Amino acid sequence: MWLKDRLLCDRCGELIYRRSIHVENLNLYDTGSKQAYINSLVKLENVSEEVATSWAEHGLFELCTLKTRNCLVCNMKLETWQAKMCLKCGADFEPWGKFNVKT
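Notes on the structure follow. Here the residue numbers are simple positions, counted from 1 along each chain's written sequence. Predicted model: local features are reported for residues with pLDDT of at least 70 only, side-chain atom pairs are reported and counted for 80 or more only, and whole-chain, interface and lining totals are derived from all residues. Side-chain numbers come from the whole structure's heavy atoms, not from hydrogens or water.

### Considering the nonpolar core
Here is a general trend for soluble globular proteins: nonpolar side chains tend to be buried in one another's company. Only buried residues count toward a nonpolar core. Its members are Ala, Val, Leu, Ile, Met, Phe, Trp, Tyr and Cys residues joined through side-chain atoms within 4.5 Å. For each residue, the accessible area found with a 1.4 Å probe, counting protein chains only, is set against the maximum for its type, and the residue is called buried under 20%, exposed over 50%, and partly exposed in between. Counting 10 residues, the largest nonpolar core consists of Tyr17, Tyr29, Tyr37, Ile38, Leu41, Val47, Val51, Ala52, Trp55 and Ala56. Elements with a minimum of two residues in this core: α1 (34–45) and α2 (49–60). Only DSSP runs of H or I with at least four residues qualify as helices, and only runs of E with at least two residues qualify as strands; both kinds are numbered from the N terminus onward. The element that contributes the greatest number of residues to this core is α2, accounting for four residues. Residues within four places of Ala56 in sequence aside, it is in contact with Lys34, Tyr37, Ile38, Phe61 and Glu62. Any two residues having at least one pair of non-hydrogen atoms within 4.5 Å are treated as being in contact.

Now the structure itself:
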């Protein structure tokens, strides 16, 4: 798979395979365990086990570690690692950790 077929996980920030499942298969997945879900993804969606594992770990089962970050000004825990503004002090974050305090 090419890089365009990947995206960043909202929870952990890792590069994962883009999910592309068929709606008609939603009721057919075996969600009893992670391995059963992976096996049903491989069979129903015709994807490799690597892709199915990525979908399971960063989707239904959310086994990836939740990534967090703190405000650079007041050190408050931000809602997500992608937050662009602190809700406590109003600091506005630019990419790569630069910030501007709103007055």
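### Focus: the packing of aromatic side chains
To pair, rings of Phe, Tyr and Trp, with the six-membered ring standing in for Trp, must have centres within 6.5 Å; the planes then decide the type, stacked if under 30 degrees apart, edge-to-face if over 60, and tilted in the middle. Overall, the coordinates contain one aromatic pair when judged by the stated rule. Relative to Tyr37, the ring of Tyr29 lies with its centre 5.7 Å away and its plane at 85 degrees, an arrangement referred to as edge-to-face. In terms of burial, Tyr29 and Tyr37 fall into one category: buried. Lysine NZ or arginine CZ positioned within 6 Å of the ring centre and within 35 degrees of the ring normal marks a charge as sitting over the ring. For Lys67, the ring lying beneath its charged end belongs to Trp81, and the centroid distance is 4.9 Å.

### Observations concerning unusual backbone geometry
With a phi close to 55 degrees, Asn46 is a non-glycine residue in the positive phi region. Note on placement: Asn46 falls in the loop between α1 and α2. The backbone phi angle of Asn75 is positive, close to 65 degrees, even though this residue is not glycine. Relative to the helices and strands, Asn75 is located in the loop between α2 and β3 (91–93). The exposure class assigned to Asn75 is exposed, which follows from its relative accessible area of 52%.

### Some thoughts on the packing of α1 against α2
Axis separation between α1 and α2 bottoms out at 9 Å; the angle between their running directions is 130 degrees. Classified by the angle their axes make, α1 and α2 are oblique. When you trace α1 past α2, the crossing you get is right-handed. Contacts between α1 and α2 involve Lys34, Gln35, Tyr37, Ile38, Leu41, Val42 and Glu45 on the former and, on the latter, Glu49, Ala52, Thr53, Trp55, Ala56, Glu57 and Leu60. Its residues assigned to classes, the contact of α1 with α2 shows eight nonpolar, two polar and four charged. For helices, the axis comes from a line fit to the C-alpha atoms of the stretch in contact; other axes are also lines fit to C-alpha atoms, and the angle between any two N-to-C directions lies between 0 and 180 degrees. In what follows, roughly perpendicular refers to angles from 65 to 115 degrees, roughly parallel to angles under 35, roughly antiparallel to angles over 145, and oblique to any angle outside these ranges. By definition, turning the near helix anticlockwise from the far helix through less than a right angle yields a left-handed crossing, and turning it clockwise yields a right-handed one. Throughout, the ten residues Ala, Val, Leu, Ile, Met, Phe, Trp, Tyr, Cys and Pro are labelled nonpolar, Asp, Glu, Lys and Arg are labelled charged, and all others, Gly among them, are labelled polar.

### Observations concerning α1
Every helix has an expected span of 1.5 Å times one less than the residues it contains. With 12 residues, α1 should reach 16 Å at 1.5 Å per residue; the first-to-last C-alpha distance of 16 Å fits that figure. Regarding α1, the residues found buried are Ala36, Tyr37, Ile38, Ser40, Leu41 and Glu45. In this fold, the buried residues of α1 make contact with α2. Two residues or fewer after α1 comes Asn46, characterised by a positive phi angle close to 55 degrees.

### Digging into the pattern of salt bridges
In what follows, salt bridge is the name for a side-chain nitrogen of Lys or Arg lying within 4 Å of a carboxyl oxygen of Asp or Glu. Here the structure, examined in full by the defined rule, presents one salt bridge. The salt bridge involving Lys34 is made with Glu57; its shortest N-O contact spans 2.7 Å. Within this pair, whereas Lys34 is found in helix α1, its partner Glu57 is found in helix α2, the two being separated by 23 residues in sequence. By relative accessible area, which is 28% here, Lys34 ends up partly exposed.

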